[in-house]
Amino acid sequence: EARMARGRHLITVATEHRAVLDPCRYLEKMGFCLTVLPVEADGLLDPARLEAALQPDTVLVSVMAANNEIGVLQPLAAIGALCRSHGAAFHCDAAQLVGHQQLKPLQLGIDLLSCSGHKFYGPKGCGALVVADGIELAAQLHGGGQEGGRRSGSLSTPLVVGLAAALQFALFDASEREQRLGLLRDQLWRGLQQLGGMQLNGALQPRLAHNLNITVAGVNGTRLHSNLKKRLAVSGGSACSSATGEPSHVLLALGRSRLEAAASVRFGLGRSTTEAQISATLEWFSQVLANLR
Ligand SMILES: *Cc1c(COP(=O)(O)O)cnc(C)c1O
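Fair warning: this is a prediction, and the values are worked out from it, not measured in the lab.

Overview of helix α3 (residues 76-86)
Turning to α3, its buried residues are Leu76, Ile79, Gly80, Leu82 and Cys83. Take α3 and look down its axis: the buried residues cluster within an arc of 165°, on one side only. Buried residues in α3 make contact with α2 (47-53), β3 (58-62), β4 (89-93) and α4 (105-108). Count one or two residues on from α3 and you reach Gly87, which has phi positive near 70°.

Structure, rendered in structure tokens:
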């Protein structure tokens, strides 16, 4: 069958999480050929770019469901259909979507779907990879043959059970929660726009309801963040890049400059976020801006 063909070409996207980009670059060093597709200014992949990049020996396409920094939702059905028609396997990093929205991997043409427990209030250190029938994977760890021989080693029962329980809780009220958080996020965005000089990063739609990411004009990013963090737990990029102090590769891929990327703020709303906290956030943000401008 065509999709089992063993090619040497991989395709991914510039705004992927490092959990995808770094292994792809590693495989490139090991002799694979890697194409990293750009995104449009709104953070979305244009499927026509994928279509143009697919080759007869493309073995894997990896595109995330929802971006962890800017929350935009990639056009998975179109991507899945292209992968099917070109015989390439489709991996989708759904760490940001699982537990927040419904996702039907088989209908979308997804062959491999990964998620992470702590992104839906589950335990850290545990995730899942959903594998479609007919996909053969090399063992990641060799040993006792657990997990279908893919990842040997004794399983951590508390993590496995915790992951499943957290997912059940998360999905129980997901649609009601997304609706509530979407309204709060829009309220936050309207309030910020009134302060002037705000640019949204990523399309407002389609986007995760609990994410907002903005670039603030005319302020120094380091000073903005050191002031904001006295009262707010917001970030500039992802937890994985904050250690290096490098500007967010996601914001650079949207066409933001390094200075703009540094003066960007990512808000994450969650189950416990209240309207009073949105008001307090706007109040503090406006005080900080008044000081800096
Ligand atoms: C958090 C995250 C990961 C990494 O998952 P960990 O379990 O935290 O290592 C990968 N991709 C995306 C999109 C994420 O948000």
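Having seen the model, we can carry on.
Examining the site of the ligand
Near the ligand the following residues occur: His17, Ala19, Met64, Asn68, Asp93, Ala95, Gln96, Ser116, His118 and Lys119. Measuring from an oxygen atom of the ligand, one finds a side-chain N or O atom of His118 at 2.7 Å. Class assignment of the residues belonging to the shell around the ligand gives a composition of three nonpolar, five polar and two charged.

Notes on the sheet that holds strand β9 (residues 264-268)
Taken together, three strands build an open sheet; the order of strands is β7-β8-β9 and the sheet is antiparallel. Across the chains shown, the open sheet's two edge strands, defined by having one partner strand only, are β7 (198-200) and β9. On average, adjacent strands in this sheet sit at an angle of 30° to one another, irrespective of strand direction. Note that β7 and strand β8 (residues 211-216) share three bridges and pair antiparallel.

Focus on the environment of Ala128
On the secondary structure map, Ala128 appears in strand β6 (residues 127-131). Separated by 95 residues in sequence, Ala128 and Arg223 place their C-alpha atoms 39 Å apart.

Some details on the side chain of Glu69
Inspection of the secondary structure assignment puts Glu69 in the loop between β3 and α3. As a buried residue without a salt bridge, Glu69 has its nearest oppositely charged side chain in Arg266, at a separation of 6.3 Å. In terms of polar contacts, Glu69 uses its side chain to reach the side chain of Ser248, at 2.6 Å.

Quick notes on the sheet that holds β4
Here six strands make up an open sheet; going across it, the order is β2-β1-β3-β4-β5-β6 and the pairing mixed. Looking along the sheet, the strands with just one partner apiece sit at the ends: β2 (33-37) and β6. Put simply, the sheet's adjacent strands are angled 15° from each other on average, direction ignored. The pairing of β3 with β4 spans three bridges and is parallel. Bridge assignment links Val61 to a residue of β4, and that residue is Phe90.

Cut-offs and rules
- Residue numbering note: each chain is counted from 1, following its sequence as written.
- pLDDT decides what is reported in this predicted model: residues at 70 or higher carry local features, side-chain atom pairs at 80 or more are listed and counted, and totals for whole chains, interfaces and linings draw on all residues regardless.
- With hydrogens and water excluded, all non-hydrogen atoms of the structure serve as input to the side-chain values.
- Using a 1.4 Å probe on the protein chains alone, a residue whose accessible area is under 20% of its type maximum counts as buried, one over 50% counts as exposed, and one in between counts as partly exposed.
- Secondary structure elements follow DSSP: runs of H or I no shorter than four residues count as helices, runs of E no shorter than two count as strands, and numbering proceeds from the N terminus.
- This arc is built from the directions going out from the helix axis to the C-beta atoms.
- Two residues form a contact once any of their heavy atoms are found within 4.5 Å.
- Only a single heavy atom is needed: when it lies within 4 Å of a molecule or strand, its residue is near that molecule or strand.
- Polar contacts here mean pairs of N or O atoms no more than 3.5 Å apart (in protein, one a potential hydrogen donor and the other a potential acceptor; neighbouring residues in sequence count only if both atoms are side-chain atoms).
- Residue classes follow a fixed rule: Ala, Val, Leu, Ile, Met, Phe, Trp, Tyr, Cys and Pro count as nonpolar, while Asp, Glu, Lys and Arg count as charged, and any other residue, Gly among them, counts as polar.
- Should DSSP find at least two bridges between two strands, the strands are regarded as paired.
- For every element, the axis is a line fit to its C-alpha atoms; helices are fit only across the contacting stretch, and the angle between N-to-C directions ranges from 0 to 180 degrees.
- When charges are counted, Lys and Arg are positive and Asp and Glu negative, with His and the chain ends excluded.
- Between Lys or Arg on one side and Asp or Glu on the other, a salt bridge is scored when a side-chain nitrogen of the former is within 4 Å of a carboxyl oxygen of the latter.

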